[in-house]
Amino acid sequence: MATADPRGGGPASHTPQDRLAAPAGRTPAGRLVRIDAGHLVPESRPQEFFAALKSRGLQGG
């Protein structure tokens with residue numbers, strides 16, 4: 001299962017990177033996907049968002 005973070009954390013994030021990665025680490029076969037897109041990832045960067053889902057065998061809109 002892919003976990004998408006809207007800004008990917010990174011240096012601009014107010015959330016510590018370990019807190020962003022922790023849920024993905026607790027999910028079987030989970031991973032953190034970083035997409036620099038603001039808060040509306042599916043609207044702002046649909047190709048990257050759906051590619052992340054598809055890479056994990058999930059389907060999207």
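The rules behind each value
Residues numbered from 1 in each chain as written. Predicted model: local features only at pLDDT ≥ 70, side-chain atom pairs only at ≥ 80, totals over all residues. Heavy atoms only, no water. Helix = DSSP H or I, 4+ residues; strand = E, 2+ residues; numbered from the N terminus. Buried < 20%, exposed > 50% of the residue type's maximum accessible area, 1.4 Å probe, protein only. Contact = heavy atoms within 4.5 Å. Areas by Shrake-Rupley, 256 points an atom, 1.4 Å probe, with all protein chains shown as cover. Salt bridge = Lys/Arg side-chain N within 4 Å of Asp/Glu carboxyl O. pLDDT = per-residue confidence, 0-100.

1. Brief notes about the overall build of the protein
Here's step 1: Assigned secondary structure in the protein consists of three helices and two strands.
Here's step 2: When its helices and strands are written in sequence order, the protein yields β-α-β-α-α.
Here's step 3: Here the protein holds 61 residues, and 25% of them are scored as buried.
Here's step 4: Taking the intrachain contacts of the protein between residues at least 6 apart in sequence as the baseline, contacts between residues at least 24 apart amount to 55%.
Here's step 5: For the protein, the accessible area works out to roughly 4200 Å², and carbon and sulfur atoms hold 55% of it.

2. Remarks on the pattern of salt bridges
One side chain can pair with another of opposite charge once the charged atoms of both are near each other.
Here's step 1: This model, assessed by the stated rule, comprises one salt bridge.
Here's step 2: Two residues, glutamate 48 and arginine 45, come together in a salt bridge whose shortest N-O distance is 2.8 Å.
Here's step 3: Residue glutamate 48 is classed as partly exposed on the basis of its relative accessible area of 32%.
Here's step 4: Take arginine 45: its relative accessible area is 31%, and that puts it in the partly exposed class.

3. Section: the confidence of the model for the protein
Note: predicted coordinates in regions of low pLDDT should not be interpreted at a detailed level.
Here's step 1: Mean pLDDT over the protein: 76, with 77% of residues reaching 70 or higher.
Here's step 2: The secondary structure element of the protein with the lowest average pLDDT is strand S1 (residues 2-5), at 48, and the one with the highest is helix H3 (residues 46-55), at 90.
Here's step 3: Below a pLDDT of 50 lies the segment residues 4-9, which in the model reaches 22 contacts outside its immediate sequence neighbourhood of four places, other chains included.

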